[in-house]
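Chain residues, written in single-letter form:
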Amino acid sequence: MPGLYIHIPFCKKACTYCDFHFSTAKHRDALLDAMGSEMIKRSRELGDSPVSTIYFGGGTPSLLEPDRISEFVQQARDLFRVDRDAEITLEANPDDITAERLNTWKSGGVTRISLGTQSFREDRLRFMGRAHSADQALRSIALIAKAGFTSWTIDLIYGLPGMTLGEWDEQLDIALEQGMPHLSAYCLTVETRTALAHQVRKGLVAMPEDDDQSAQFDRLMERMEAAGLDHYEISNFGKPDHHSRHNTSYWDGATYLGIGPSAHSFNGNVRRWNVSNNAVYVKALAEGTSFCESEELTAVQRTNERLMTGLRTALGVDLLKLEVDALRINSSAFQRHVSNGHLCLEAGRLVLSKAGRHFADRIASDLFVTEDDR
Ligand code: SF4
């Protein structure tokens, strides 16, 4: 079933590693109004299909006045057939969390909070340029539980310069002590055009060896398995019934509509992406001109996307559901990854082994079918 993604492109400050689209502008009304117009303009794109998930991402959705989130939820309910039990997730940063805000989000329809914790250590938070403190991270988790949110998740980052297994274990201990039902854990990567990339180029920061990051990923898998959280996608772990329904629909290749600057949409055939510039977006909406680009995917491209996203999940890829014949998958790469123990074929599904999860994207691209094969 389709999902709705609403991109709120504002942040208090730039984190050093981030390459998402956001602005630190304080004047937000014109942009938010333009997003409301986009939602109206595109409300027919999902037809009569019920919307089962809404996701407020960013940027920092929790920066907005909480009533503004409720207004977007209400607008979505007015324009689309939103399921009564839809999962409605809000990304929030610890420095924005108060009991009052949580109550407003909850009464406005938000069912799940995704907390941008990243670390419980003050020095790491400063290194990453985060706006919150370690204390705020812990306090906000307590407030989320107290406000009655049964579904919530935290983000943590590992693979930081100088991080030891001992430090990572301590971070996971603290996270588990909070009783989190879900964790998204990401390995720090250096994206071009970020402050971190500049620091690395200048020799001010030395990134860790791959082996250190791999050992931390192994420890993560081990600790989450012992704690009863399913490793249902490379970076995501959740107790049963707490897996992110919205993100799972992306990995399943479901339809979704993305609203706001830089938001992506997919209708099963065409992928489109909105302009990543707030001023251009607002102007285009006001003038009725185009604010997006799009690409119609071929069957081969759709198949390769299924391989890329499906292999990242615990369920893997159902070969019978691929649009092009599974025999066209690169057979020598398939044999190589099976024989080195990274890939398995289980009941007609291609699934990565634990060792293979370290190389998910590379294995998927090795298996890609090509247009020339048709
Ligand atoms: S708060 Fe999130 S979106 Fe904003 S700069 Fe930091 S990581 Fe990027």
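Heads up: the structure comes first, above all this text.
The following refers to the structure shown. (Residues numbered from 1 in each chain as written. Predicted model: local features only at pLDDT ≥ 70, side-chain atom pairs only at ≥ 80, totals over all residues. Heavy atoms only, no water.)

## Section: the site of the ligand
Taken together, the residues surrounding the ligand are C11, K13, C15, Y17, C18, F22, G59, T60, N93 and R130. Tallied by class, residues from the shell around the ligand come to 5 nonpolar, 3 polar and 2 charged. (Near = heavy atom within 4 Å. Nonpolar A, V, L, I, M, F, W, Y, C, P; charged D, E, K, R; others polar.)

## Thoughts on the packing of helix α2 (residues 66-79) against helix α3 (residues 99-107)
α3 packs onto α2 with a crossing angle of 10 degrees between their chain directions and a minimal axis gap of 9 Å. On the basis of the axis angle, α2 is roughly parallel to α3. Of α3, the residues touching α2 (which contributes P66, D67, I69 and S70) are R101, T104 and W105. A per-class count over the contact of α2 with α3 returns 3 nonpolar, 2 polar and 2 charged. (Axes fitted to C-alpha atoms, helices over the stretch in contact; angles between N-to-C directions. Helix = DSSP H or I, 4+ residues; strand = E, 2+ residues; numbered from the N terminus. Parallel < 35°, antiparallel > 145°, perpendicular 65-115°, else oblique. Contact = heavy atoms within 4.5 Å.)

## Quick word on the sheet that holds strand β14 (residues 343-346)
Strands sit in the order β13-β15-β14 across an open sheet of 3 strands; the sheet is antiparallel. The outermost strands of the open sheet, each flanked by one partner alone, are β13 (317-318) and β14. Both β14 and strand β15 (residues 349-352) contribute to a ladder of 4 bridges, which runs antiparallel. Paired with E346 across the strands is R349, a residue of β15. (Pairing = 2+ DSSP bridges.)

## Focus: helix α1 (residues 29-41)
With 13 residues, α1 extends 18 Å between its outermost C-alpha atoms, agreeing within 8% with the 18 Å of an ideal straight helix rising 1.5 Å per residue. Taken together, the buried positions of α1 are L31, L32, A34, M35, G36, E38 and M39. (Expected span 1.5 Å × (residues − 1). Buried < 20%, exposed > 50% of the residue type's maximum accessible area, 1.4 Å probe, protein only.)

## Looking at the environment of D85
Counting through the fold element by element, D85 comes out in strand β3 (residues 82-92). Sequence separation between D85 and G109 is 24 residues; the distance between their C-alpha atoms is 9.9 Å.

## Section: the packing of helix α6 (residues 165-177) against helix α8 (residues 210-226)
Interhelical geometry of α6 versus α8 gives an angle of 30 degrees and a closest axis separation of 10 Å. What the angle tells us is that α6 and α8 run roughly parallel. Crossing angle aside, the handedness with which α6 passes α8 is right-handed. When α6 is examined against α8, the residues L165, W168, D169, L172, D173 and L176 are found in contact with a partner set consisting of A215, Q216, R219, L220, R223 and M224. Partitioning the contact of α6 with α8 into residue classes produces 7 nonpolar, 1 polar and 4 charged. (Left-handed = near helix turned anticlockwise from the far one by under 90°.)

## Considerations on α2
For the α-helix, the turn length of 3.6 residues means that residues three or four positions removed from each other point alike. Between its first and last C-alpha atoms α2 spans 20 Å; for 14 residues at 1.5 Å apiece the expected length is 20 Å, and the two agree. The secondary structure elements touched by the buried residues of α2 are β1 (3-8), α1, β2 (51-58), β3 and α3.

## Describing the packing of aromatic side chains
Inspection of the entire model under this criterion finds 7 aromatic pairs. The interplanar angle of 35 degrees and the centroid separation of 5.2 Å between the aromatic rings of Y158 and W168 together place this pair among those described as tilted. Placement of the pair is Y158 in strand β5 (residues 151-158) and W168 in helix α6, with a sequence separation of 10 residues. Each member of the pair, Y158 together with W168, is buried. Chaining the aromatic ring pairs together yields one cluster made of Y250, Y256 and F266. (Phe/Tyr/Trp six-rings, centres within 6.5 Å; stacked < 30°, edge-to-face > 60°.)

## Comments concerning unusual backbone geometry
Apart from glycine, the bulk of residues carry a negative phi angle, and the bulk of peptide bonds sit in the trans form. G59 follows G58 through a cis peptide bond whose omega is 15 degrees. Positionally, G59 belongs in the loop between β2 and α2. At Q118, a residue that is not glycine, the phi angle is positive and equals roughly 70 degrees. Turning to its location among the elements, Q118 is positioned in strand β4 (residues 112-118). The exposure class assigned to Q118 is buried, which follows from its relative accessible area of 7%. Of note in this structure, S262 is not a glycine but carries a positive phi near 75 degrees.

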